[in-house]
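Single-letter residue listing:
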Amino acid sequence: MSDVVLNRRRFLVSSGLFAGGMALSLSPLAAVPGGVAAQPAKVPGEGDELDPWIVIRPDNRVIVRVPCPEIGNGAATQTAMNVAEELQCAWEQVEVEFCDFTREWRQPGTYAVGLQPFFGGHSTDHERMPYTMQLGASARERLKAAAAARWQVAASEVEARGGELRHGDKRLSFGEVAAEAAAIALAQEPALKSPGDWWLIGKATPHKLHLPQVVTGSAVYGIDVKLPGMVHAALKQSPVHGGRVKHFDSAAVMDMPGVRAVVEIDPRKSVGSPVETQSTFGLEDSQLRSGVAVIADHYWQAKNALDALPIEWDDRLGAFWKSNEQIYAKQEEILQRWQGKAITRKGDIYSVEPAQTVEATYRTPYCEHVAMEPLNGTALVSDGRLEVWHSSQDMQQAFWVAVDESGFMPENVRVHQTQVGGGFGRRTMGDDLRVVVAVARQYPGVPVKVIWSREETTRQGLYRTLLGASYRAGLDRKGMPESLEAETCFSGLQLNLGFVDNIYASNGEIENVRLAVSKFPLHIGTGAYRAPCYNSHVFTVETFIDECAAAAGIDAYDYRHKLLGSWDKSWRKCLQVAAEKAGWGEPLPRGQGLGIAISNWPAAGEKNAGTTVCAVARVEVSPAGEVRVRQIDMSFDSGRVANRDAVSAQLEGGIVFAMNMTLNEELTIRDGAIVEGNYHEYPVLRMADMPQINIHFDALSGHERFAIIGEAPVGPVGPAIGNAIFQATGKRLRSMPFRKHDLSWG
Amino acid sequence: MKTISLTINGKAHSLEIDPATPLLWALRDHLGMTGTKFGCGIAQCGACTVHLDGVAMRSCSVPVEYAEGKQLTTIEGLSESGDHRLQQLWVEMNVPQCGYCQAGMLMAAADLLQRNPTPSGEEVDAAMTNICRCGTYPRIRAAILRAAGDPQAVVRYAGGEA
Ligand code: FES
Ligand code: FES
């Protein structure tokens, strides 16, 4: 039967041997003559597959099975591009399917390559990209060998291009010989092409592959799944996170139209996995919240019955926190003590006798992702088997949550990945899927679709971490910082990226540095929110540096330029491009301002790493204090870009996301519960609020990495807007959201 | 429960349904037409936009009985084979990100162009009040202006110099 040459472990070892700097570079791969020796099949293809990633149908359709969900960033399409580049098929032939994680469980290594392989991103990860290209190259050579065998010629004389195999006048489509190719093992793995020979990566800018289905309404998101006999559930969990259902009265609603059952969601009844789990992010943040679900024929019936259902709650400890003001006051008290744990110490901050001291405290609130597709999932429990359909952001996490909640053996669990109606980090933990399984387990035999209302989605979030930070800098007589001291206080998920590696503390220009962290644990659930914590740290760092520049009487651009020193030139280049394009330094009418900020995700402290982004915002503030963001100019350096248009789209979207976070978003806690439920209470920017957005590619260094791009832009936009507002009004904004500040002037 | 007759995308349907059920859920749950999306349920986001007698409406906030006797068009019927000019441009200009809001966006945009075939940028802004959390507004705007005959639209709005 079929023999697949690529043995994952051996392949990685082998490519490590000749790649040398593979972690950074692709081109050395291509430069190597020969290649990897053939290995016995570890993960054979099944049926007509060339391998578990690639199926070529007789009609010449090329199906690439991807391990990453598509959340809108184009990760699935990019993965297919990697394969197609080497496969030499026509792009029009290519389709993507989501892989089956159960197969990964049965045959480890089938799909797991590189960092977080089943996450909706990282498609240009430095391990996965060459791996997927190698898959394409290997398949191409096997197709050539199959054609050569038919024609009785040497495989080296066969050319593969545009999905066609050629020798002299002879032609065969890939699909015509795919079945034969599937049975061929290569004696040698082919070397990858040199980047100079690429026709797709870095050259073409194809749209995401699922768009034709999106625009006709046929794309299937989790919430769209349709199954025979399916019933629907609406749910309500404890309004105060950590609270419990005390009592509910099923009898009051059982006679309502369509109602079939009322079930309790009880965290104490999660069964637990029968085997050691291998979830991506651990299972702690996926735990159930106590609640009730009503199951009915149709969702509308379930929702009406749920609204009518009398439920009593025991709020427990969370109810102690009466208001945001109470919480914020406590946070400030912690910061004022300056007793956080040091995570960076350089020189001696106490030895400095500054000419001037600048001090400030900042805050960013809890925020919800409000992805457009409300949380949901569908599960069928029958005969010791569990099947789920879910818009997850990480298939591996989803799979293990399903196993853990059901208690079934992994081989009896199947997770079907659907399209995802917005992720932004909310769909990474699998807490939503756990609820679905918990409900379906109590109504076995038919598929149960559980839908969170918008209000339930908003109030049962895993929010952006609430964060406060205090800064203190000692400036010398020229106004430049000699010492920098900072403490960040986290309520919830703690990530230090953007803080501990902020460029001013890590590039050596400031000699005395002390960075510390403290914690203020609360009952409210938090998690990844697009560029977690970085989206707050960059606000605090880049606003504070702006405050230092203002105190020194130095232009905000010049000040940063100086502080970047001789660090990785691309930072200065980003700064320069964004500033120039935005017209930095030109006189502005009263009430207008320009602000600048710069950052890098996820590797500010390293040279030639991550994506550096600089934003310049042009704002206009009316005398009455109404803010209008007129223009955002963004420059960036991710090394290279694999799909220019896809990168631009991510930067555009990141800018809009950051603007909303900065201007609008804040959740309110009242008696421990989240107040906001729907979009009228939690405003989101619309078309009319859009600035002119200019994405500038001029700062790309051409360095060999293809760094990730979705998170980076969320950092600098907020502080750039805040700094611009300061220029326009003289008012310094030290907390988000800006809409809650009085910005009137004149 | 009541029998409701609907004409959807030119085809007749008959439903046994609580007449107060929102049109959105009648479409999605009772007829299995899931192209029309649920985003908020309170006429805030526009994900559920359909055309009733040629006018854009937020179907989450219209009871199904209100649609009786009217011509209803959903995203599935915006064009016969997915080739409405807006659908083509949406794909060509890589407008959607996650795509969840886009059925509603397309229905709103088609309605706008029907009423005003050559809208200005400001008119597009005023008419397009749906929410896109992925932030695709600049591209949506550009695609509508392109459809309205402005060939420069893509350069100016979709990704700067990309
Ligand atoms: S679902 Fe109808 S407007 Fe949001
Ligand atoms: S494309 Fe994702 S919400 Fe609009």
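Residues numbered from 1 in each chain as written. Chains lettered and ligands numbered in written order. Predicted model: local features only at pLDDT ≥ 70, side-chain atom pairs only at ≥ 80, totals over all residues. Heavy atoms only, no water.

Re the overall build of chain B
Part 1: Looking only at helices and strands, one finds six helices and five strands in chain B.
Part 2: Counting helices and strands in the order they occur from the N terminus, chain B gives β-β-α-β-β-β-α-α-α-α-α.
Part 3: Compactness check: chain B gives a C-alpha radius of gyration of 16 Å against a globular reference of 15 Å for 162 residues, within 12% of the reference.
Part 4: Taken over the C-alpha atoms alone, chain B extends approximately 55 × 25 × 25 Å along its principal axes.
Part 5: Burial analysis of chain B (162 residues in total) assigns 59% to the buried set.
Part 6: Each charge sign in chain B was given a centre, from 13 positive and 16 negative side chains, and these centres are 5 Å apart. (Helix = DSSP H or I, 4+ residues; strand = E, 2+ residues; numbered from the N terminus. Rg over C-alpha atoms; globule rule 2.2 N^0.38 Å. Buried < 20%, exposed > 50% of the residue type's maximum accessible area, 1.4 Å probe, protein only. Lys, Arg positive; Asp, Glu negative; His and termini not counted. Charge placed at Lys NZ, Arg CZ, Asp CG, Glu CD.)

Some points on the overall build of chain A
Part 1: For chain A, the count of helices and strands is 18 helices and 27 strands.
Part 2: A buried classification covers 65% of the 746 residues belonging to chain A.
Part 3: Long-range contacts, defined here as pairs at least 24 residues apart, represent 79% of the contacts in chain A between residues at least 6 apart.
Part 4: Surface exposure of chain A reaches about 25300 Å², of which carbon and sulfur atoms provide 49%.
Part 5: When the 75 basic and 88 acidic side-chain charges of chain A are each reduced to a single mean position, those positions are 1 Å apart. (Contact = heavy atoms within 4.5 Å. Areas by Shrake-Rupley, 256 points an atom, 1.4 Å probe, with all protein chains shown as cover.)

Observations regarding the side chain of T543(A)
All names here are of chain A.
Part 1: By the element assignment, T543 lies in helix α14 (residues 534-552).
Part 2: For T543, a relative accessible area of 2% puts it in the buried group.
Part 3: Ignoring anything within four residues of it in the chain, the contact list for T543 reads Y362, V538, P719, N723, R732 and L733.

Points about empty space enclosed by the protein
Residue and element names in this part refer to chain A.
Part 1: Per the counting criterion, the structure on display carries ten cavities of 30 Å³ or more.
Part 2: Roughly 80 Å³ of internal volume is contained in the largest cavity.
Part 3: Forming the boundary of the largest cavity are 13 residues, of which G498, N502, I503, I598 and S599 lie nearest the centre.
Part 4: Looking at the lining of the largest cavity, the elements with two or more residues in it are α13 (503-506), α14 and β22 (592-601).
Part 5: The element best represented in the lining of the largest cavity is α14, accounting for four residues.
Part 6: Its residues assigned to classes, the lining of the largest cavity shows eight nonpolar, four polar and one charged. (1 Å grid on protein atoms, 1.4 Å probe; cavity = no way out; pocket = protein on both sides within 12 Å on 5 of 7 lines; lining within 4 Å. Points joined across faces, edges and corners; volume = space filled by probe spheres on them. Nonpolar A, V, L, I, M, F, W, Y, C, P; charged D, E, K, R; others polar.)

Looking at the sheet that holds strand β13 (residues 341-346) of chain A
Residue and element names in this part refer to chain A.
Part 1: Pairing within the open sheet is mixed, and its five strands lie in the order β13-β21-β20-β19-β14. A strand with exactly one partner marks an edge of an open sheet, and here the two such strands are β13 and β14 (356-364). Ignoring which end each strand starts from, the neighbouring axes of this sheet average 10 degrees apart.
Part 2: Running over the sheet, helix α9 (residues 324-337) touches β14, β19 (466-475), β20 (481-491) and β21 (512-519) and is turned about 35 degrees from β19.
Part 3: Against the sheet, α14 touches β14, β19 and β20, its axis set at about 150 degrees to β14. (Pairing = 2+ DSSP bridges. Axes fitted to C-alpha atoms, helices over the stretch in contact; angles between N-to-C directions.)

Thoughts on the sheet that holds strand β2 (residues 54-56) of chain A
All names here are of chain A.
Part 1: Spatial ordering of the open sheet is given by β1-β2-β3-β4, a layout of four strands whose pairing is mixed. The sheet terminates laterally at β1 (49-51) and β4 (94-98), the two strands that pair on one side only. On average, each strand axis in the sheet is tilted by 25 degrees relative to the strand beside it, whichever way the strands run.
Part 2: Pairing between strand β3 (residues 62-66) and β4: five bridges, direction parallel. Bridging from a neighbouring strand, R65 pairs with E97 of β4.

Examining α14(A)
All names here are of chain A.
Part 1: In a regular helix each residue adds 1.5 Å, so 19 residues correspond to 27 Å; α14 covers 26 Å between its end C-alpha atoms and thus fits that length.
Part 2: Summarising burial for α14: 16 of the 19 residues are buried, a large majority.
Part 3: One or two residues past the end of α14 sits G553, with phi positive at roughly 70 degrees. (Expected span 1.5 Å × (residues − 1).)

Points about the interface of chain A and chain B
Part 1: Every contact between the two is made by 65 residues of chain A and, on the other side, 57 residues of chain B.
Part 2: Taken together, both faces of the contact between chain A and chain B bury some 5000 Å²; the carbon and sulfur share is 58%.
Part 3: Among the residues of chain A in contact with chain B, V215(A), M372(A) and M687(A) are the three that bury the most area, contributing 17% of the side total.
Part 4: Counting across the chain A and chain B interface gives five salt bridges.
Part 5: If you look at where chain A meets chain B, you find 25 residue pairs in polar contact (both at pLDDT 80 or more).
Part 6: If you list the elements that add at least two residues to the side of chain A that touches chain B, you get α7 (211-216), α8 (299-308), α17 (644-663) and β27 (692-696) of chain A. (Buried area = accessible area lost by both parts, 1.4 Å probe. Salt bridge = Lys/Arg side-chain N within 4 Å of Asp/Glu carboxyl O. Polar contact = N/O pair within 3.5 Å; in protein donor to acceptor, adjacent residues only side chain to side chain.)

Side note on the pattern of salt bridges
Part 1: According to the stated counting rule, one finds 44 salt bridges over all chains in the structure shown.
Part 2: In this structure, the salt-bridge partner of K303(A) is D307(A), at a minimum N-O distance of 3.0 Å. Note that K303(A) and D307(A) are positioned in helix α8 at a spacing of four residues, about one turn of the helix.
Part 3: Classification of D307(A) as exposed rests on a relative accessible area of 54%.
Part 4: As a salt-bridge pair, D125(B) and R141(B) come within 2.8 Å of each other at their nearest N and O atoms.

Observations concerning the environment of V259(A)
Residue and element names in this part refer to chain A.
Part 1: Relative to the elements of secondary structure, V259 occurs in strand β10 (residues 259-265).
Part 2: Sequence separation between V259 and H232 is 27 residues, and the spatial gap between their C-alpha atoms is 9.5 Å.
Part 3: Ignoring any residue separated from it by four or fewer positions in sequence, one finds V259 in contact with V253, M254, V294, I295, A296 and A305.

Focus: the domain arrangement of chain A
Residues and elements named next belong to chain A.
Part 1: What the domain assignment lists for chain A is domain 1 (2-216), domain 2 (222-316 + 369-459) and domain 3 (553-746).
Part 2: Listed per partner, the contact involves 19 residues of domain 1 and twelve residues of domain 3.
Part 3: Together domain 1 and domain 3 conceal approximately 1100 Å² of surface at their shared face, both sides included; 52% is due to carbon and sulfur atoms.
Part 4: Counting across the interface, domain 1 meets domain 3 through zero salt bridges.
Part 5: Remark: the boundary between domain 1 and domain 3 carries three residue pairs in polar contact (both at pLDDT 80 or more).
Part 6: Tallied by class, the residues present in the side of domain 1 that touches domain 3 amount to ten nonpolar, nine polar and no charged. (Domains from an automatic or database assignment.)

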